[in-house]
Amino acid sequence: MAAEGKMASAGRIARSTEEAEPSSVAAAGAPDVRSVPLLFEESAAGRSGADVAARAIGEPDAAAILGTGLCRDDITGFPELSEPQVMRHFLRLSQLNFGQAFQFYPLGSCTMKYNPVLNDEMAALSGFAGLHPMTPAHLAQGALELMARLEAALAEITGMDAVSLHPAAGAQGELTGLLMARAYHHKRGAARHKVIIPDTAHGTNPASCTLAGFEVVVAKSNRRGFLEAAEIRRLLSDEVAALMVTNPNTLGIFEPEIAAIAGALHERGALLYLDGANMNALLGVAKPGHMGADIVQLNLHKTFATPHGGGGPGAGPVAVKKHLEPFLPAPRLGRDAGGWRLDYGWPDSIGRLRAFQGNFGMLVRAYSFILALGGNGLAEASRFAILAANYVRKRLEPHYPSATREPSMHECVLTHDLEKRAGVSTLDIAKRLLDFGIHPPTIYFPLVVHGALMIEPTETETRETLDSFVAAMEKIYDEALSNPEMVRTAPHTLALSRVDEAHAARRPVLRWQPTRA
Amino acid sequence: MRFFAHTERDVRAMLDTIGARCLDDLIAHVPASLRAGAAINLAPGKNEAEIAAELGALAAQNTGASAFSSFLGFGAYRHHIPAAVRAITARAEFATSYTPYQPEASQGTTEAIFEFQTMITQLTGLEVANASMYDGASATAEAVLMAHRVAPKRTRVALSRALWPDYRETVRTYLSALENIEVVEVPFDPQSGAIDIAALERRAGERLLCAVIGYPNAFGIVEPLGEVAALTRRAGAIAVSATAEPLALGLLKPPGELGVDIAVGEGQSFGLAAQFGGPGVGFMAARMENLRQMPGRLVGETHDRFGRRAWCLTLATREQHIRRERATSNICTNHSLCALAATVYLAMMGRRGLRELASRNVELAHRAADALAAAGIRTRFDAPFFNEFVVNVGDPAAALARAERAGLLAGVALGGYWPELGSALLVSVTEMNTQSEFERLAGALAGGR
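Residues numbered from 1 in each chain as written. Chains lettered and ligands numbered in written order. Predicted model: local features only at pLDDT ≥ 70, side-chain atom pairs only at ≥ 80, totals over all residues.

1. Let's talk about the domain arrangement of chain B
Residue and element names in this part refer to chain B. Domains assigned within chain B are domain 1 (1-32), domain 2 (69-81 + 350-446) and domain 3 (84-345). Taking only C-alpha atoms, the centre of domain 2 and the centre of domain 3 are 27 Å apart. Contacts between domain 2 and domain 3 engage 27 residues on the former and 29 residues on the latter. Elements represented by at least two residues in the side of domain 2 that touches domain 3 include exactly helix 12 (336-374) and strand 11 (388-392). (Domains from an automatic or database assignment. Contact = placed C-beta atoms within 7 Å. Helix = DSSP H or I, 4+ residues; strand = E, 2+ residues; numbered from the N terminus.)

Given below as structure tokens:
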């Protein structure tokens, strides 16, 4: 088949260029001890890691109670393993992952900072982890009090008036904020159906707008990489509900005209939605509330150090100014003589976007983080994050110039000429970084920068780590010129070589099946 | 600050490299008016012992978490969590990684997701499952949006009134911005507690977009899912099942086999603590023919340059980071670590264990119902139930107060959600409950008579 032929030829190229690499021994066809069979392939009929208490003698069984017509005969293909097998399976899988705890992980816009281990311990306290969401409020006062304290802390940090901890993630926070903007205008009798979004925005922004029923109007950032108030004024009309902007933007630069932009929006009755994805640059530096933001969503897994978990769970609180408070998701926290309770008495609320009270387990972790840093520590965090980004940018400048001349905040976006000079792409650079034990930056984003490398070092990495990253990037630059094939075929030292992602999409295999050859 | 490594020398050297005099030089370009008021007025940082004391005190105030025998359910369930689940999800390789955009450095996460997807298809009897959603309620809303993309000309969404109130409200919120979509609720039969099929039939027609039904429903009732799916599909509409107690899928006929097109639900029962309501993990399964309309991440099988099997995120052209405003959803991260917990849990339970545990829940719930019946507390509905059931207790507030004094959280009063169930209590029973608790419960609830 065509795909296999292509693969074989790629393999030949790789082998010839890899002769100097020790890993070529494994690549030459020897059984690979580092791959882990699927659970289903390690199963044998009759094994089980379960220890379910036996039925009492004489007690009717479930099938007899419900009638066999409602019950399935079997869960065909389900795994059958002992506990030690399950443990070894997942422990071996864990070894195939990079993680922030192990590697430098400068993934831009994701804020992969150290996740304090105490926070997990706090979330696991039985009084928190074991608390059922339907527990009567008078028996859950500690949880509600914690939520109230976190709301107050986030309001102080952002300079906003009211906070909801309800949304499950940043993207859900965006949807929440946009639905609130819609409800706000609706309440005022205005049908505004457009939202302005800069060309540098994260993909979730336009997607959230569509879901919230808005048409997206794209604002162009200027040659220096930021939004001008003039451009926003040009796009403003009575149809515009809001501008949705990330600050610092995805080029890592502070939007210098943000206050004037807010003024222009407010003058025309539109709102400023500030995406707090890059809040790690702003702690004690500038408060969204002071910029004129009406709505801000936060990503607790970024700025407030809750673990990213391989892609969630996160939490995406929304903070608003007073005039938008009536529209926040309900229930909200309320207080009466009996203490904290859940308050459903908000008739203009947009309602809920999920079950129960929010991702409480993540809220505990974020609050624990805020306690550890305190007001001054948070401000220091942003300053060190900004220091690290500017340091990396400066040191890499000779090889990887910045996409903008503006000063960087917590992340820098770099570019390079290796595509032209050596036929080496940004993806190749990223893959080669893996061989140095470094997780690559975000690549090809923002879309306005050709071949972008978006680097967010965070405040918790040492100078030595940053220096070794710089050294790796410099080495890759030299390799790209002297031995481009080495970079183009990377990685060479991991359990797997370059993964063929296009193949996965061509013929999707999305589950294991017992009948498959 | 113990999380920061920068010594004065480091900072000096880094500033010198940059060409700045001090840290505040680096933010001098931020308008002075903004910087002026930016100080964060919170208490100074605390040490570990102080934080543990503060949060420990708050946790201790949540007496509902530990000081009672609990019969609370209604969308979140108390099940034993094998130690293996915590041991694996605590691994920093899983916990501190992010979305597996670099498959070569993420084979642990991607293979586990592939296993999660596979087990969700096995449990639901469908062909494709995604890498997870936020929770059961938002997954239900996303299922309705997906149905809308599959059948864009249809306009009526029928929600069973016996769905959890949170799920119905979430669907309504997600749909609130869509024009021309009408949400109707289908009543339940007051005798059986199952959906009123005739009422659904009256709402089915060429406008029907989808019907969403709980399986089991919010009363614990095992709905006649096959009939509902057949009726819905006859109308050319999409049948959606929502499951909040996924353990039921270990024993009950799988939704796909009964004709359901999209099966969604909440996976919290699979190895996640209740955590006051989150994070749990939503799941979604569907038929391959609707794959391109599915939201959320998907992991697929592929190979590396040398032909070795590998896993990677795939079909991303459905997603927001590629498709932007034309994406199938705005969902970005999901609940990956929670999906991992569910994967470990299901691997531990296995083919026989999951069915045994599901059966055990049914048996114990029926023993509890029998114990209550013996004390004169009757079940409200007569359709078969899984591990929750509704009983009439007269005055639920008084009954709950009596139970609380006896050290019991007896259940959830339903009158606030369904006015006609003003005297009803939903009692949830799992393998964590014991026979002696059933007797105490019966005594407490009957105590006022």
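2. Considering the sheet that holds strand 10 (residues 412-414) of chain A
Residues and elements named next belong to chain A. Here three strands make up an open sheet; going across it, the order is 10-12-11 and the pairing antiparallel. The two strands at the open ends of the sheet, each matched to only one other strand, are strand 10 and strand 11 (442-443). Relative to strand 12 (residues 453-455), strand 10 runs antiparallel, the two sharing three bridges. From the neighbouring strand, Val413 faces strand 12, where its bridge partner is Met454. (Pairing = 2+ DSSP bridges.)

3. Here's the deal with the interface of chain A and chain B
Contact with chain A, which involves 177 residues of that partner, is made by 162 residues of chain B. The element that contributes the greatest number of residues to the side of chain A that touches chain B is helix 13 (residues 360-396) of chain A, accounting for 23 residues. Residues that form the side of chain A that touches chain B fall into these classes: 99 nonpolar, 52 polar and 26 charged. (Nonpolar A, V, L, I, M, F, W, Y, C, P; charged D, E, K, R; others polar.)

4. With respect to the nonpolar core
Counting 329 residues, the largest nonpolar core has Val240 and Ala410 of chain B as its most contacted members. Looking at which element gives the most residues to this core, the answer is helix 13 of chain A, with 23 residues. Leaving out residues up to four positions away in the same chain, Val240 of chain B has contacts with Ala143, Val144, Ala147, Cys210, Ala211, Val212, Val260, Asp261, Ile262 and Val264 of chain B. (Core = buried A, V, L, I, M, F, W, Y, C linked by C-beta atoms within 7 Å. Buried ≥ 20, exposed ≤ 12 C-beta atoms within 10 Å, placed from the backbone.)

5. Some points on the sheet that holds strand 14 (residues 424-428) of chain B
All names here are of chain B. Strand order in this open sheet of three strands is 11-14-13, and the pairing throughout is antiparallel. Looking along the sheet, the strands with just one partner apiece sit at the ends: strand 11 and strand 13 (412-413). As paired strands, strand 13 and strand 14 are joined by two bridges and run antiparallel to one another. Of the residues in strand 14, the one forming a bridge with Val412 is Leu426.

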